[in-house]
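# Coordinates in review
One letter stands for each residue in the lines below.
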Amino acid sequence: MSAVDPEAQGATPVPESPLAFRHRNFTLFWFGRLTATFAVQIVSVAVGWQVYDITRDPWDLGLVGLIQFLPAIALVLFTGQVADRFPRRLIMAVCVAVEAVGALALVAVALMETPSVGLIFCVLFLFGVARAFFSPASWAIVPSLVPQAALANAITWGSSAWQFATIVGPVTGGLLYGLGAPVAYGGAAALLMASCVLNLMITSPHVRRTLERNWDSLAAGFRYVFTEKVVLGAISLDLFAVLLGGAYALMPAVARDVLDVGPWGLGMMRAAPGIGAIAVAALLSVRPITDRAGHIMFVCVGLFGLSAVVFGLSQTVWLSIASLVVMGGADMVSVTIRETLMQLWTPDEVRGRVNAVNMMFIGASNELGEFRAGAMASVIGVMPAIIFGGVGAMAVAGLWAWMFPQLRTARSLEKREG
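Residues numbered from 1 in each chain as written. Predicted model: local features only at pLDDT ≥ 70, side-chain atom pairs only at ≥ 80, totals over all residues. Heavy atoms only, no water.

## As for the overall build of the chain
A tally of regular secondary structure across the chain gives 18 helices and zero strands. Looking at the 418 residues of the chain, the share that counts as buried comes to 59%. Of the contacts formed within the chain by residues at least 6 apart in sequence, a portion of 86% connects residues at least 24 apart. A total accessible area of about 16200 Å² is found for the chain, and carbon and sulfur atoms account for 69% of it. (Helix = DSSP H or I, 4+ residues; strand = E, 2+ residues; numbered from the N terminus. Buried < 20%, exposed > 50% of the residue type's maximum accessible area, 1.4 Å probe, protein only. Contact = heavy atoms within 4.5 Å. Areas by Shrake-Rupley, 256 points an atom, 1.4 Å probe, with all protein chains shown as cover.)

Shown next as structure tokens:
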């Protein structure tokens, strides 16, 4: 019997090509991720605007993030097991289909004479459950779609699928919401079903694994992360930097109360980080990071925090958008380094569980960060909350550089044995 993992072989028509899009399965995966994320961005803009329109309370904007994060932390021990036990492409397809049902439910809520924020939160919880299972499977499947020579390129473009969607999705969401919330949610549902079909078309075979149903098996992802200090440093750096520096949840309040722009302006603000990220992704695709990866990562995390401070101080639309563009570009560099490191340093047999832990950290940084921003804004104000978070992100970059010297001094992203 061959010692080569058949899932790792996937469908690789040009095995040695370092270009991810030369591989059919990755192309299907990328477009599936693009359409799903596009839909999520439409929902995100529409929900944020609708909830704030109903309550005018930043606290509720924070709850939007918290409610979607709770399933990820509650189910973390099981989502990784599922990703390592069952076909990952099927997990992705089912989860996206569930999100499509959720989008249709939001259409129904929007058609009510008096839309209920409580019902919206219930649907967002369903979205959170679907994403809790989707994320570990979607990241764990990437190394099986391309050869190792193309993995860094695949991760860069895999991350950029999200960024592509954040450029057009928020603007589209704002425009569709201007036509009516049901139009926005209905469009998102159609995109999610298209993503489901694309995921089902992936032909990478599944490696059937028999995992023990005990605590050691469930906790394998946590155990690996906390024993591999470079991986722990990279994940936790992103967690605390974005937890503090993320300001996306407060954009509806900034758009309405500070910059005095409508849904279209909010869409432009939500798109700005994606513009910066795509520009950096294009650069990384032709000039990948091959040396001093650790130093570059810490510098970019510090730049991410500084951009948040500028955004918090800005009183003009152009400066706000420019700072968000820089923020997105800096984040793309750190994401590419972190995710490449994660995939290259993690054995495939525990990759789903490790990615479940990673997704929990990312969810904490994004959704829980939105809750942090909303809660703080309700106490000290929107702009001071953003500035405080940016300063905190810069402080985290400095502290983590001292706490994790192995990560700071890392040159290559590949794991060195011995």
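## Here's the deal with the state of the cysteines
Across all of its chains, the model carries zero disulfides by this definition. Cys 196 forms no disulfide, and the closest cysteine sulfur to it belongs to Cys 95, at a distance of 10.0 Å. Overall, Cys 196 belongs to the buried group, its relative accessible area being 10%. (Disulfide = S-S within 2.5 Å.)

## Structural notes on the pattern of salt bridges
This structure, assessed with the given rule, holds two salt bridges. Between Arg 256 and Asp 53 there is a salt bridge, with the nearest N and O atoms lying 2.9 Å from each other. Placement of Arg 256 in helix α12 (residues 251–258) and of Asp 53 in helix α2 (residues 24–55) is noted, with a sequence separation of 203 residues between them. We classify Asp 53 as partly exposed; its relative accessible area is 36%. Between Glu 99 and Arg 131 there is a salt bridge, with its nearest N and O atoms 3.1 Å apart. (Salt bridge = Lys/Arg side-chain N within 4 Å of Asp/Glu carboxyl O.)

## Some details on the side chain of Thr 35
Secondary-structure assignment places Thr 35 in helix α2. Polar contacts involving the side chain of Thr 35 include one to the main-chain carbonyl oxygen of Gly 32, which spans 3.0 Å. Not counting chain neighbours up to four residues away, the residues in contact with Thr 35 comprise Leu 191, Ala 194, Ser 195 and Leu 198. (Polar contact = N/O pair within 3.5 Å; in protein donor to acceptor, adjacent residues only side chain to side chain.)

## Comments concerning a nonpolar patch on the surface
On the surface, Leu 303, Leu 306, Val 310 and Val 326 cluster together to form a nonpolar patch covering roughly 280 Å² of accessible area. Ranked by residue count, the leading element in the nonpolar patch is helix α14 (residues 293–313), at three residues. By the element assignment, Leu 303 lies in helix α14. Given a relative accessible area of 37%, Leu 303 falls into the partly exposed group. (Patch = residues over 30% accessible without salt bridge, like charges linked within 9 Å, V, L, I, M, F, W, Y side chains within 5 Å.)

## Examining the nonpolar core
Core analysis: the biggest nonpolar cluster contains 129 residues, and Phe 26, Val 47 and Tyr 185 have the highest contact counts within it. Counting residues per element, this core draws most heavily on α2, at 16 residues. Excluding residues within four positions of it along the chain, Tyr 185 makes contact with Val 43, Ala 46, Val 47, Gln 50, Ala 103, Leu 106, Val 107 and Ala 110. (Core = buried A, V, L, I, M, F, W, Y, C linked by side-chain atoms within 4.5 Å.)

## Some words on the packing of α2 against helix α8 (residues 181–200)
Closest axis-to-axis distance for the α2/α8 pair is 8 Å, and the angle between their directions is 160°. Relative to α8, the element α2 is oriented roughly antiparallel. The hand of the α2/α8 crossing is left-handed. Taking contact as the criterion, the partners of Leu 28, Phe 31, Gly 32, Thr 35, Ala 36, Phe 38, Ala 39, Ile 42, Val 43, Ala 46, Val 47 and Gln 50 in α2 are, on α8, Ala 181, Ala 184, Tyr 185, Ala 188, Leu 191, Leu 192, Ala 194, Ser 195 and Leu 198. A class-by-class count of the residues in the contact of α2 with α8 yields 17 nonpolar, four polar and no charged. (Axes fitted to C-alpha atoms, helices over the stretch in contact; angles between N-to-C directions. Parallel < 35°, antiparallel > 145°, perpendicular 65-115°, else oblique. Left-handed = near helix turned anticlockwise from the far one by under 90°. Nonpolar A, V, L, I, M, F, W, Y, C, P; charged D, E, K, R; others polar.)

## Describing the side chain of Ser 144
Relative to the helices and strands, Ser 144 is located in the loop between α6 (117–140) and α7 (151–179). Here Ser 144 falls in the buried class, since its relative accessible area comes to 3%. Among the polar contacts listed, one links the side chain of Ser 144 to the backbone oxygen of Ile 141, at a separation of 2.6 Å.

## Focus on the confidence of the model for the chain
Residues of the chain with pLDDT of at least 70 account for 87%, and the chain-wide mean is 80. Across residues 1–15, confidence stays below pLDDT 50; counting only partners more than four residues off in sequence or on other chains, it has 36 contacts. (pLDDT = per-residue confidence, 0-100.)

## Points about the packing of aromatic side chains
For the structure on display, the rule yields six aromatic pairs. Relative to Trp 30, the ring of Phe 21 has its centre 5.3 Å away and its plane inclined at 80°; by these criteria the two rings are edge-to-face. According to the relative accessible area criterion, Trp 30 is buried, its value standing at 7%. A network of ring pairs unites the aromatic residues Phe 21, Phe 26, Phe 29, Trp 30 and Phe 31 as a single cluster. (Phe/Tyr/Trp six-rings, centres within 6.5 Å; stacked < 30°, edge-to-face > 60°.)

## A look at α8
Under the 1.5 Å per step criterion, the end-to-end length of α8 is 29 Å for 20 residues, consistent within 8% with the ideal 28 Å. Burial in α8 covers these residues: Ala 181, Ala 184, Tyr 185, Ala 188, Ala 189, Leu 192, Ser 195, Cys 196, Leu 198 and Asn 199. (Expected span 1.5 Å × (residues − 1).)

## Considerations on the environment of Pro 273
Topologically, Pro 273 is positioned in helix α13 (residues 263–286). In this structure the C-alpha to C-alpha distance between Pro 273 and Ile 167, which are 106 residues apart in sequence, comes to 7.6 Å.

## Overview of the environment of Pro 71
Mapped onto the fold, Pro 71 is located in helix α3 (residues 58–74). Put simply, Pro 71 and Phe 127 are 56 residues apart on the chain and 9.1 Å apart in space, counted from C-alpha to C-alpha. Those residues in contact with Pro 71 that sit more than four places away from it in its chain are Phe 125, Gly 128, Val 129 and Ala 132.

## Examining unusual backbone geometry
Despite not being glycine, Asp 260 has its phi angle at roughly 55°, a positive value. Considering the arrangement of structural elements, one finds Asp 260 in the loop between α12 and α13.

## Things to note about the packing of α12 against helix α17 (residues 382–403)
At a minimum axis separation of 10 Å, α12 and α17 run at an interaxial angle of 135°. On the basis of their axis angle, the class for α12 and α17 is oblique. In this structure, α12 meets α17 at a crossing whose hand is left-handed. Residues Ala 253, Val 254 and Val 258 of α12 lie in contact with α17, whose contacting residues are Val 382, Met 383 and Ile 386. The residue inventory of the contact of α12 with α17, partitioned by class, reads six nonpolar, no polar and no charged.

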